[in-house]
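Summary of structural features
Each chain is listed here by its residues.
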Amino acid sequence: MAAPWMEKLSQTLGSPEPAVRLIFSILIGYPFALFYRHFLFYQPATIIHLFHALSGLALATFNFGPQIYHSAVCILVQFLMLRLMGRTVTAVLSSFSFQMEELTSQQKSAALSSTLSLLEVCGFSYFYGGFLVGPQFTLRSYQRLVAGELSDCPGKPPNSLVPALKRFSLGFLFLAIFAIFSPHYQESYYLTDEYDAQPFWYRCVFILIWAKIILYKYVCCWLIAEGVCILTGLGYNGVIEGEHQWDACANMKVWLFETTPHFGGTIASFNINTNAWAARHVFKRLKFLGNKLLSHVSTLFFLTIWHGLHSGYVLCFSLEFFIIILERQAQALVQDSPALTKLANSSLYPLIYVIQQFIHWLLMGYALVPFCIFTYDKWLKVYTSVYFCGHVFLLVVFLVMPYLRKALVPNRERSQDKQD
């Protein structure tokens, strides 16, 4: 039985057993990928689908036990919809009414040209490189993988061992950082009397550092899983300037994530494939609303429901929306104000950068608190302990921004903004 040794391993590592099971399941994707490359690459598609489906089902059972029926039922229902509605007038009208526009070139490249088998859908859904933590990829990309088309050597296994090991090594580094520091920065600490007794500055700095550490658990999982995808060939993304690219399944821009002082930059560097999926399948399909702001709100509402029905998710994505809007206004203010532009390009920029990073990660942590502790009574306790400082800061910026713009932006620029 797996449970006793897994329980012992989790106790040795000092980590929850579900987390250890997840990391183990992601890591075992590497031997699975090597087995596929060496023994199944030239096999018929049916054999490859069967391997991907069975290996993925085994990992799903290992992680979720009998709860695996949730994903199985979902896949079966989706398959039946594809088979029963795939080429009917109902399906065409439903698709058209949702898209309200012609297919984009990206959508056309991902379109399926043939009817799928249940085994193929299962192989895609339970593919060990993506079904646990991502990344998102299209079924068409999976078909190209099975057909042996995703390779820098057509008809042969890809030369992707080195690129895969690079992403694995980077992911393992973040995993080590998370394993070392996360025991000292647990969200459960927010609910203790000890946290409440700390000075205000300490409580705020704790939120800032906690946010950075807590996100590393996602970063390490995505980087290690990306390495699995690269090893199989799924990460192959063609040639640019004579160099083979292996970033088709990249879910992180690590350098941008670590260096950007902007909230928008963090979003652009984090969970890339899911963000792109939401933009492609939700945001862009709301073009008929004729309002980008409304499309943005609707997309965030969809992501909120996708994560769950806890109030913490609603608050987190609401804060994200307001932070992004205010940040864009602040960036426009700096760009349109000669005085602020000069200051941003002066020798004081290193100090400004440090202040930006402090505000950036404090607000990031502030928004993440309800996302991680879910329920109203818990996140309200945390926000009360820091006097709703994030809400107060955002409200002050919102109220002051028009006056700052009036004071710092020349009349000519303000007139141009009104015309735009």
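Now for a description of the structure that goes with this document. Keep in mind that this is a model prediction, so the values were computed, not measured.

1. A short note on the environment of R167
Summarising the element assignment, R167 is placed in helix α10 (residues 161–181). Take R167: its relative accessible area is 19%, and that puts it in the buried class. Contacts of R167, omitting those with residues within four sequence positions, involve L223, I224, E226, G227, I230, M252 and V254.

2. Quick notes on the layout of surface pockets
When its volume is computed, the second largest pocket comes out at roughly 960 Å³. Secondary structure elements with two or more residues in the lining of the second largest pocket: α17 (311–336), α18 (338–344), α19 (349–373) and α21 (389–408). Residue contributions to the lining of the second largest pocket peak at 8 residues, all from α21. Of the residues contributing to the lining of the second largest pocket, the split by class is 23 nonpolar, 4 polar and 1 charged.

3. Examining empty space enclosed by the protein
Scanning the entire structure with this criterion turns up 1 cavity of 30 Å³ or more. The volume enclosed by the largest cavity comes to roughly 40 Å³. Secondary-structure elements contributing two or more residues to the lining of the largest cavity are α2 (17–27) and α12 (200–232). When the residues that make up the lining of the largest cavity are grouped by side-chain class, the tally is 6 nonpolar, 4 polar and no charged.

4. Describing the environment of T259
Here T259 is to be found in helix α13 (residues 254–259). Spatially, the C-alpha atoms of T259 and Q357 are 8.6 Å apart, while their sequence positions differ by 98 residues. Among residues more than four places away in sequence, those in contact with T259 are Y353 and Q357.

5. Describing the pattern of salt bridges
What the rule picks out here adds up to 6 salt bridges. The closest approach of N and O atoms between D196 and K381, which form a salt bridge, is 2.8 Å. Placement of D196 in helix α11 (residues 193–197) and of K381 in helix α20 (residues 376–385) is noted, with a sequence separation of 185 residues between them. Judged by relative accessible area, which is 31%, D196 ranks as partly exposed. Judged by relative accessible area, which is 30%, K381 ranks as partly exposed. Residue E258 pairs with K212 through a salt bridge whose shortest N-O separation is 3.3 Å. Remark: K212 occurs in helix α12 and E258 occurs in helix α13; sequence separation between them is 46 residues. When its relative accessible area of 16% is taken as the criterion, K212 is described as buried.

6. What about the side chain of R203?
Relative to the assigned elements, R203 resides in helix α12. Look at R203: it is buried, it has no salt bridge, and the nearest opposite charge is D196 at 5.7 Å. In this structure the side chain of R203 is engaged in a polar contact, spanning 2.9 Å, whose partner is the backbone oxygen of Q198. Leave out the neighbours within four places in its chain, and R203 touches Y195, D196, Q198, S385, V386 and Y387.

7. As for the nonpolar core
If you look at the biggest cluster of nonpolar residues, it comprises 84 residues, and the most contacted ones within it are Y128 and W210. Ranked by the residues each element gives to this core, the list is headed by α12, at 21 residues. Look past the residues within four positions of Y128 in its chain and what remains in contact with it is G29, F32, A33, Y36, F51, H52, S55, L59, V228 and T232. Residues A53, I68, F79 and Y126 belong to the second largest nonpolar core, which totals 10 residues.

8. Topic: the packing of helix α16 (residues 292–307) against α17
Between α16 and α17, the least distance of the axes is 9 Å, while the angle of their chain directions is 150°. Our classification of the angle between α16 and α17 gives roughly antiparallel. Considering the relative orientation of α16 and α17, their crossing is right-handed. For the pair formed by α16 and α17, the contact residues are L293, H296, V297, L300, L303, T304 and H307 on the first element and Y313, V314, F317, E320, F321, I324, I325 and R328 on the second. Tallied by class, residues from the contact of α16 with α17 come to 10 nonpolar, 3 polar and 2 charged.

Definitions and cut-offs
- Residues numbered from 1 in each chain as written.
- Predicted model: local features only at pLDDT ≥ 70, side-chain atom pairs only at ≥ 80, totals over all residues.
- Heavy atoms only, no water.
- Helix = DSSP H or I, 4+ residues; strand = E, 2+ residues; numbered from the N terminus.
- Buried < 20%, exposed > 50% of the residue type's maximum accessible area, 1.4 Å probe, protein only.
- Contact = heavy atoms within 4.5 Å.
- 1 Å grid on protein atoms, 1.4 Å probe; cavity = no way out; pocket = protein on both sides within 12 Å on 5 of 7 lines; lining within 4 Å.
- Points joined across faces, edges and corners; volume = space filled by probe spheres on them.
- Nonpolar A, V, L, I, M, F, W, Y, C, P; charged D, E, K, R; others polar.
- Salt bridge = Lys/Arg side-chain N within 4 Å of Asp/Glu carboxyl O.
- Lys, Arg positive; Asp, Glu negative; His and termini not counted.
- Polar contact = N/O pair within 3.5 Å; in protein donor to acceptor, adjacent residues only side chain to side chain.
- Core = buried A, V, L, I, M, F, W, Y, C linked by side-chain atoms within 4.5 Å.
- Axes fitted to C-alpha atoms, helices over the stretch in contact; angles between N-to-C directions.
- Parallel < 35°, antiparallel > 145°, perpendicular 65-115°, else oblique.
- Left-handed = near helix turned anticlockwise from the far one by under 90°.

These results come straight from atomic positions and should not be treated as a statement about function.
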